[in-house]
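Geometric and topological summary
Spelled out from the first residue to the last, the chains are:
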Amino acid sequence: MYVIQKQLENLRRLAIPGKVVVIYGARRTGKTTLLNEFLKVEHGPYILVSGEDITARAYLSSQSVDKLTAFVGAARLLVVDEAQKVPDIGLNLKLIVDHIPGIRVVATGSSSFDLARSTGSR
């Protein structure tokens, strides 16, 4: 059972075109559950991938605008769970928002230090 939280409202408010929302914290604290609740009301096309998936990792670590654009396709929302598993994820997410107009991006990770460092946030 999901208990509605303020974080769901915050995520809906913060997930805007041209921005990357990063959700990080300890394992088993509800990050993936929050994503699933968020996606229940999404109307546009979206992609949900795991950074643990070898194919997703290959595309999302490519540093190729063409490859990243092909991966996103017609989606207007990209959601990357376990993003800390993707090499250079921060640079690649920046390339996505810089080169795909109107895209929204949400990334989660259980290793807060690694994910914060790789996206350039502190």
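Throughout what follows, the structure given in this document is the object of discussion. Note that the structure is a prediction, hence the values are computed from the model and not measured.

**Description of the overall build of the protein**
- In terms of helices and strands, the protein carries six helices and four strands.
- Element order for the protein, N to C, with α for helix and β for strand: α-β-α-β-α-α-β-α-β-α.
- Put simply, the protein has 122 residues, and 40% of those count as buried.
- Long-range pairs, those at least 24 residues apart, make up 79% of the contacts in the protein with a sequence separation of at least 6.
- Carbon and sulfur atoms make up 53% of the accessible area of the protein, which amounts to about 6,900 Å² in all.

**Points about the pairing of strand S3 (residues 77-81)**
- Within S3, five of the five residues are buried, leaving the element largely enclosed by the surrounding structure.
- Across five bridges, strand S2 (residues 46-50) lies against S3 in parallel orientation. What sits directly across from Ile 47, in S3, is Leu 78.

**Quick look at the nonpolar core**
- Formed by 21 residues in total, the largest nonpolar core has its most connected members in Val 49, Leu 60, Leu 78 and Ile 96.
- Sorting the residues of this core by element identifies S2, helix H3 (54-60), helix H4 (65-72), S3, helix H5 (89-99) and strand S4 (104-109) as the ones contributing at least two each.
- When residues in this core are grouped by element, the largest group, five residues, is from H5.
- Counting residues in each nonpolar core, the second largest holds twelve residues, with Leu 8, Val 21, Leu 77 and Val 79 among its members.

**Quick notes on the packing of H4 against H5**
- It is at 10 Å that the axes of H4 and H5 come closest, and there the two elements cross at 75°. With respect to their mutual orientation, H4 and H5 come out roughly perpendicular. On H5, the residues that touch Val 65, Leu 68 and Val 72 of H4 are Asn 92, Leu 95, Ile 96 and His 99.
- In terms of residue class, the contact of H4 with H5 is built from five nonpolar, two polar and no charged.

**Focus: the packing of aromatic side chains**
- Enumeration over the complete set of coordinates arrives at one aromatic pair.
- With 5.0 Å between their ring centres and 25° between their planes, Tyr 59 and Phe 71 make a pair best called stacked. Taken together, the residues span a long stretch of sequence, with Tyr 59 in helix H3 and Phe 71 in helix H4 at a distance of twelve residues.
- Overall, the relative accessible area of 30% leaves Tyr 59 in the partly exposed class.
- Exposure remark for Phe 71: the relative accessible area of 17% places this residue in the buried category.

Cut-off values and rules
- Residues numbered from 1 in each chain as written.
- Predicted model: local features only at pLDDT ≥ 70, side-chain atom pairs only at ≥ 80, totals over all residues.
- Heavy atoms only, no water.
- Helix = DSSP H or I, 4+ residues; strand = E, 2+ residues; numbered from the N terminus.
- Buried < 20%, exposed > 50% of the residue type's maximum accessible area, 1.4 Å probe, protein only.
- Contact = heavy atoms within 4.5 Å.
- Areas by Shrake-Rupley, 256 points an atom, 1.4 Å probe, with all protein chains shown as cover.
- Pairing = 2+ DSSP bridges.
- Core = buried A, V, L, I, M, F, W, Y, C linked by side-chain atoms within 4.5 Å.
- Axes fitted to C-alpha atoms, helices over the stretch in contact; angles between N-to-C directions.
- Parallel < 35°, antiparallel > 145°, perpendicular 65-115°, else oblique.
- Nonpolar A, V, L, I, M, F, W, Y, C, P; charged D, E, K, R; others polar.
- Phe/Tyr/Trp six-rings, centres within 6.5 Å; stacked < 30°, edge-to-face > 60°.

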